[in-house]
Amino acid sequence: MGYAEIYRGWKADPEGFWRKAAEAIDWIEPSRAVLDSSRAPLYGWFADGVCNTCFNAVDRHVLAGHGERTAIIHDSPITGTKSEISYGELRERVARLAGALAERGVGKGDRVVIYMPMVPEALVAMLACARLGAVHSVVFGGFAAPELAVRIDDARPKALIAASCGLEPGRVVPYKPMVDAAIDLAQSKPEFCVILQRDQARADLVAGRDHEWEAFQEGAVPADCVPVGGMDPLYILYTSGTTGAPKGVVRPNGGHMVALAWTMKNIYGVEAGDVFWSASDVGWVVGHSYICYGPLIAGATTIVFEGKPVGTPDAGTFWRVIAEHGVKSFFTAPTAFRAIKREDPEAKLVGDYDLSTLQYLFLAGERADPDTIEWAQRHLKVPVIDHWWQTETGWAIAANPAGIELLPVKLGSPTVPMPGYDVQILNEAGEPLPTGQLGAVAIRLPLPPGTLSTLWNAEARFVKSYLTTYPGYYETGDAGIIDADGYVSIMARTDDVINVAGHRLSTGAMEEVLASHPDVAECAVIGVADELKGQLPMGFICLNRGCERDHDEIIRECVKLVRERIGPVAAFKAAVVVDRLPKTRSGKILRGVMGRIADGQEYKAPATIDDPAILGEISESLAQIGYPHAH
Ligand code: COA
Ligand code: AMP
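No experiment lies behind these values; they were computed from the predicted model shown.

### Overview of the overall build of the protein
Here's step 1: Summing up its helical and strand segments, the protein has 18 helices and 32 strands in all.
Here's step 2: Expected size for 631 residues packed as a compact globule is a radius of gyration near 25 Å; at 24 Å, the protein falls within 12% of this value.
Here's step 3: Taken along its principal axes, the extent of the C-alpha atoms in the protein is 70 × 60 × 55 Å.
Here's step 4: Considering only residue pairs separated by 6 or more positions, the protein has 71% of its internal contacts joining residues 24 or more positions apart.
Here's step 5: Roughly 24,200 Å² of accessible area belongs to the protein as shown, and the carbon and sulfur atoms make up 50% of that amount.

### Details of the side chain of Asn 52
Here's step 1: With respect to the helices and strands, the residue Asn 52 is situated in the loop between strand 3 (50–51) and helix 3 (53–66).
Here's step 2: What makes Asn 52 buried here is its relative accessible area of 2%.
Here's step 3: A polar side-chain atom of Asn 52 sits 2.9 Å from the main-chain amide nitrogen of Phe 55.
Here's step 4: Residues contacting Asn 52, with those up to four places away along its chain left out, are Ile 28, Ala 130, Arg 131, Cys 225, Val 226 and Met 257.

### Digging into the packing of helix 3 against helix 10 (residues 285–297)
Here's step 1: The interhelical angle for the contact between helix 3 and helix 10, taken along N-to-C directions, is 55 degrees, at an axis separation of 8 Å. One way to sum up the angle between helix 3 and helix 10 is to call them oblique. Helix-helix and strand crossings are classified by hand; for helix 3 and helix 10 the assignment is left-handed. Judged by residue contacts, Thr 53, Asn 56, Ala 57, Arg 60 and His 61 of helix 3 engage Tyr 293, Leu 296 and Ile 297 from helix 10.

### Regarding the site of ligand 1
Here's step 1: In the vicinity of ligand 1 there are 24 residues, among which Glu 168, Arg 171, Lys 308, Arg 563 and Lys 573 approach most closely.
Here's step 2: Within the side chain of Lys 308, a nitrogen or oxygen atom sits 2.6 Å from an oxygen atom of ligand 1.
Here's step 3: Within the contact set of ligand 1, an oxygen atom lies 3.5 Å away from a backbone nitrogen or oxygen of Val 569.
Here's step 4: Contact with the protein chains covers 84% of the free accessible surface of ligand 1, which is 940 Å².
Here's step 5: Tallied by class, the residues present in the shell around ligand 1 amount to 12 nonpolar, six polar and six charged.

### Examining the packing of helix 6 (residues 145–155) against helix 7 (residues 176–185)
Here's step 1: The interhelical angle for the contact between helix 6 and helix 7, taken along N-to-C directions, is 50 degrees, at an axis separation of 8 Å. One finds that helix 6 runs oblique with respect to helix 7. The hand of the helix 6/helix 7 crossing is right-handed. Contacts from Ala 145, Pro 146, Leu 148, Ala 149, Ile 152 and Asp 153 in helix 6 reach Met 178, Val 179, Ala 181, Ala 182, Ile 183 and Leu 185 in helix 7.
Here's step 2: By residue class, the composition of the contact of helix 6 with helix 7 is 11 nonpolar, no polar and one charged.

### Points about the site of ligand 2
Here's step 1: Taken together, 15 residues surround ligand 2, and among them His 387, Thr 391, Asp 478, Arg 493 and Arg 504 come closest.
Here's step 2: Here an oxygen atom of ligand 2 and a side-chain polar atom of Gln 390 are 3.0 Å apart.
Here's step 3: At 2.5 Å from an oxygen atom of ligand 2 is found a side-chain nitrogen or oxygen belonging to Thr 391.
Here's step 4: In isolation ligand 2 offers 490 Å² of accessible surface; the protein chains occlude 92% of this area.

### Brief notes about the sheet that holds strand 18 (residues 329–332)
Here's step 1: A sheet is described by the order of its strands in space; here seven strands give the open sequence 5-4-17-16-18-19-20, paired in mixed fashion. The open sheet is flanked by strand 5 (81–86) and strand 20 (384–386), the only strands paired with a single partner. Across this sheet, the average inter-strand angle for adjacent strands is 20 degrees, counted without regard to direction.
Here's step 2: Pairing geometry for strand 18 and strand 19 (residues 360–363), over four bridges, is parallel. The partner of Ser 329 across the bridge, within strand 19, is Tyr 360.

### Description of the pattern of salt bridges
Here's step 1: Throughout the structure, instances matching the rule amount to 37 salt bridges.
Here's step 2: Between Asp 59 and Arg 131 there is a salt bridge, and its shortest N-O distance comes to 2.8 Å. Remark: Arg 131 occurs in helix 5 (residues 120–132) and Asp 59 occurs in helix 3; sequence separation between them is 72 residues. In this pair, the class of Asp 59 matches that of Arg 131, namely buried.
Here's step 3: With a shortest N-O distance of 2.9 Å, Glu 168 and Lys 308 are connected by a salt bridge. Of this pair, Glu 168 sits in strand 9 (residues 165–168) while Lys 308 sits in the loop between strand 17 (301–305) and helix 11 (317–325); the two residues are 140 residues apart in sequence, bridging distant segments of the chain.
Here's step 4: Residue classification places Glu 168 among the partly exposed positions, given a relative accessible area of 28%.
Here's step 5: Among the charged side chains, a salt-bridge network with shared partners connects Asp 75, Lys 82, Arg 320 and Glu 324.

### Looking at the environment of Leu 160
Here's step 1: Within the fold, Leu 160 resides in strand 8 (residues 159–163).
Here's step 2: Distance from Leu 160 to Leu 561, taken between C-alpha atoms, is 26 Å for residues 401 residues apart in sequence.
Here's step 3: In this view, Leu 160 contacts Val 113, Ile 152, Val 179, Ile 183, Pro 190, Phe 192, Cys 193 and Val 194; residues no more than four positions away in its chain are not counted.

### Here's the deal with the pairing of strand 14 (residues 233–239)
Here's step 1: By the criterion of burial, strand 14 is predominantly enclosed, with six of the seven residues buried.
Here's step 2: Here six bridges tie strand 14 to strand 15 (residues 247–252), and the two strands are oriented antiparallel to one another. Its bridge partner lying in strand 15, Ile 236 is registered against Val 250.

### Some details on the side chain of Ser 413
Here's step 1: Structurally, Ser 413 can be placed in the loop between strand 21 (398–399) and strand 22 (416–417).
Here's step 2: Apart from residues no more than four positions distant in its own chain, Ser 413 is found in contact with Asp 386, Tyr 487, Val 488 and Ser 489.

### Here's the deal with the packing of aromatic side chains
Here's step 1: One pass over the structure, following the stated rule, counts 33 aromatic pairs.
Here's step 2: Each ring, one from Phe 17 and one from Trp 18, has its centre 4.8 Å from the other, and the planes form 85 degrees; the classification is edge-to-face.
Here's step 3: Trp 18 sits in the buried class, given a relative accessible area of 0%.
Here's step 4: Ring geometry for Phe 305 versus Phe 318: centroids 6.0 Å apart, planes at 75 degrees, classification edge-to-face. Linking Phe 305 in strand 17 with Phe 318 in helix 11, this pair joins segments that are 13 residues apart in sequence.
Here's step 5: By relative accessible area, which is 2% here, Phe 318 ends up buried.
Here's step 6: Within the aromatic cluster, the residues linked to one another by ring pairs are Tyr 268, Phe 276, Tyr 290, Phe 331, Tyr 360, Phe 362 and Trp 389.

Analysis parameters
Residues numbered from 1 in each chain as written. Chains lettered and ligands numbered in written order. Predicted model: local features only at pLDDT ≥ 70, side-chain atom pairs only at ≥ 80, totals over all residues. Heavy atoms only, no water. Helix = DSSP H or I, 4+ residues; strand = E, 2+ residues; numbered from the N terminus. Rg over C-alpha atoms; globule rule 2.2 N^0.38 Å. Contact = heavy atoms within 4.5 Å. Areas by Shrake-Rupley, 256 points an atom, 1.4 Å probe, with all protein chains shown as cover. Buried < 20%, exposed > 50% of the residue type's maximum accessible area, 1.4 Å probe, protein only. Polar contact = N/O pair within 3.5 Å; in protein donor to acceptor, adjacent residues only side chain to side chain. Axes fitted to C-alpha atoms, helices over the stretch in contact; angles between N-to-C directions. Parallel < 35°, antiparallel > 145°, perpendicular 65-115°, else oblique. Left-handed = near helix turned anticlockwise from the far one by under 90°. Near = heavy atom within 4 Å. Nonpolar A, V, L, I, M, F, W, Y, C, P; charged D, E, K, R; others polar. Pairing = 2+ DSSP bridges. Salt bridge = Lys/Arg side-chain N within 4 Å of Asp/Glu carboxyl O. Phe/Tyr/Trp six-rings, centres within 6.5 Å; stacked < 30°, edge-to-face > 60°.

Distances and angles like these do not, on their own, reveal function.
Here it is in structure tokens:
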């Protein structure tokens, strides 16, 4: 069956489609109802099913006789180490950690915050929580202590699991001082911490609260998988919204397994025993779905890679990993390829490796620019597949389903909606727009299995953020087009979220930090185009009247403040002092126009602008710091 037939089949009988897909999962009790619409517009999938995600990701493969198969390959060009963990060994390690956590009182529904770099123990920790029915919340290592504290206060974890440090090229990042600072800042204190000591920076432990990873598990009785309901949460993953407060996306157990199992085969073309590599980080949704759960549920081998596309040690590191470990399907962000292309424009290093196992390259996380796609196609000689999704959905909304059939590629389009997603382009009144017109991308409810069920402790915010603007639809926050062949193109965000090197960041959160600087009266942060990272944040700062201080010094302080409060991942390095911000007469800051000026695009002063002369002033201030860049 081809894509069109499968998609039509889903549309004709969505519940039948997902009931069939659910057969790929081992249920303790299968769900009879499949879809629960009783609380629409809130929906539940497999709510009456009983299952365990860790069992499906680990134990069942061992029980089926595949205990010797490699589950995880760890490859760290930063430490120069490589190791492998079989499914059998993974089960032992996960069950032992789960046992130790259970002995300390962690059980079903308790939250556990995980703050770890790209080491296999991060997956062991996630799976141990899943085994107990505990809810993990992984926080990306590039976030600073205050961001970690906000997440601790929202999730109120019983325990925190961290590593002593992360490793960035040429720099050890001690995590433990950030953990300590975050716990100090947080109102809600975890009862205990488990710390994986890494030799590059061993951590001081707080007596009575902190336990060393190995010692903590010594003598622990391995724990069995705890049965959970299909809609019980597996994890919370915080992501950026328009305001500074991150949104805690809740992922239920049942539908998540069903959807991921379907995607591994039908999108990524991966089956048990294949090697799948997603070069992302466990702190992002890609890491949750496709470093940890997806490949393991499929019984495939997953790679945990601690390195960067360039500089660890060179722009050939991706090719080495693919060749050495026999990767079949590879997933990364376009920005990684732009980084490689910049260092090795002719892709000379590709020639040093045998990439014959590689069948597909998948790109997501940001818009894939045609140049990057063509460059990758030319040099890797495999299909390059752009696909579009979000933290909220957990898996691709639109993709080229390579495992079913490869549809013709249209550069700039992540291809077609996947079964489960009825994608529509709407106007401001919420009415579907004709083919080819740009509008808000929305998905007709219900969303499919595997997508978010709610926001943690914030159901009203969930409804307001996603389900209110267009009744009957989920609002993606993206603007786009669907063409006559049904191909989707994603053009931009409709909110103030920006995308920096495939990382989703809130300009609102950065504005809150800048506004806290004592000399700043008012500010705005926008995303400006960047050749490598797609976008970079740029601050516009108005100083308090009478402030005579050196502008460069204030900007340096602002840059430092964002790094300390949000983290290096914000990549906030550019700001400009301006006298006034352009606003509408009702006081709304005209961020879009400022962005166009900074990017050197044509712009029109909106009719509602308060004082058009300000745009000229903004343009002059930007010119002084070299914007727009000449390309
Ligand atoms: N812990 C601590 N610091 C971290 C970190 C972590 N886990 N991850 C990133 N940082 C720091 C970096 O060291 C850097 O700090 P600096 O300002 O001192 O240089 C900053 O955060 C920005 O990091 P990054 O976005 O990785 O930029 P970079 O300039 O180091 O590298 C790329 C640029 C393009 C190579 C890199 O962004 C990349 O590999 N991107 C792929 C993105 C990706 O996989 N996204 C996931 C979605 S699919
Ligand atoms: P995140 O939640 O971090 O995965 O970011 C999701 C957002 O990234 C989406 O809403 C889009 O704005 C953007 N995005 C992700 N993948 C793509 C893609 N393939 N094409 C265009 N934009 C994308």
